Amino acid sequence: MNFHYPSGKKYMHPDSSSNSGIKKAPTQFGKRGMSLEDELNESNQYYLSHGIAVVHKKPTPIQIVKVDYPKRSAAVIKEAYFRQASTTDYNGVYKGYYIDFDAKETKRKTAFPLDNFHDHQIRHMKACIASKGICFTIIKFVEIDQIFLLSATDLFYFWDRQKNGGRKSIPLSYIKENGYLINYQLNPLIPYLNAADKLLIKKHEGEQHAN
């Protein structure tokens, strides 16, 4: 099925344009065969059912333009357009704070390519931060099977620097030093809110210092 952006440009899945980052690569953890998105959805369901947080995957509105009916009981969408540019993958409420984040996977072993993001996503994340929300990205390095939470402000640092000739990726060494390693566990599968708690502590410390 073909998708197009609001501008009419054809959507290219990361697999078809670059092998630096993918959204649906399966993980080998526990032989589950799940993507990072599936793992996060399962984790969010755990958080919701236990009254810890309300976080959902954002739906992507599309405009269907071509449908085939091979059978009366079945319809196949052949072509569709994204109605608007997507922002981030997830948002919700945790401990009274609005949280907003994106989830990315990469096959790179030593750095995370910045071309996994787009300008409109960064603008959205900066707007969330300006409104005192909690914003971050969850990055999985597929080849080494490690997941990190990196604050949006750290992402902005490298994003803004690349505009002025800086490197076009975030070193894994930087992510290890400044981000938060998230280890798999039974429930929730990806306990990313433990790392988000550390961002909240930093936020509170910053607010106290400002006052």
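Predicted, not measured: the structure shown is a model, and the values here were computed from it.

## Re helix α2 (residues 36–49)
Side chains three or four residues apart in an α-helix point the same way, a direct result of the helix having 3.6 residues per turn.
In step 1: End to end, α2 covers 20 Å across 14 residues, agreeing with the expected 20 Å (1.5 Å per residue, within 8%).
In step 2: Considered for burial, the residues of α2 that qualify are Leu36, Glu39, Leu40, Ser43, Asn44 and Tyr47. Projected down its long axis, α2 shows its buried positions confined to an angular sector of 135°, all on one face.
In step 3: Considering only its buried residues, α2 is in contact with β3 (54–57), β6 (90–94), β7 (97–106), β9 (134–141), β10 (146–151) and α6 (192–210).

## Brief notes about helix α3 (residues 119–130)
In step 1: End to end, α3 covers 16 Å across 12 residues, agreeing with the expected 16 Å (1.5 Å per residue, within 8%).
In step 2: Listed in full, the buried residues belonging to α3 are Gln121, Ile122, His124, Met125 and Cys128. The buried side chains of α3 occupy one side of the element, clustering within an arc of 160° when seen end-on. When the buried face of α3 is taken as reference, the exposed residues oriented beyond 90 degrees from it are Arg123 and Ala130.
In step 3: At its buried positions, α3 is contacted by β7, β9 and α4 (152–162).
In step 4: Positive phi shows up at Lys132, right after α3, with a value of about 70°.

## Observations regarding the pattern of salt bridges
In step 1: Enumeration over the complete set of coordinates arrives at six salt bridges.
In step 2: Here Asp102 and Lys104 are joined by a salt bridge, their closest N and O atoms 3.2 Å apart. Here Asp102 and Lys104 have matching classes, each one buried.
In step 3: With its nearest N and O atoms 3.6 Å apart, the salt bridge here joins Asp145 to Lys140.
In step 4: Assessed through its relative accessible area of 32%, Asp145 is described here as partly exposed.

About the criteria used
- Residues numbered from 1 in each chain as written.
- Predicted model: local features only at pLDDT ≥ 70, side-chain atom pairs only at ≥ 80, totals over all residues.
- Heavy atoms only, no water.
- Helix = DSSP H or I, 4+ residues; strand = E, 2+ residues; numbered from the N terminus.
- Expected span 1.5 Å × (residues − 1).
- Buried < 20%, exposed > 50% of the residue type's maximum accessible area, 1.4 Å probe, protein only.
- Arc of directions from axis to C-beta.
- Contact = heavy atoms within 4.5 Å.
- Salt bridge = Lys/Arg side-chain N within 4 Å of Asp/Glu carboxyl O.

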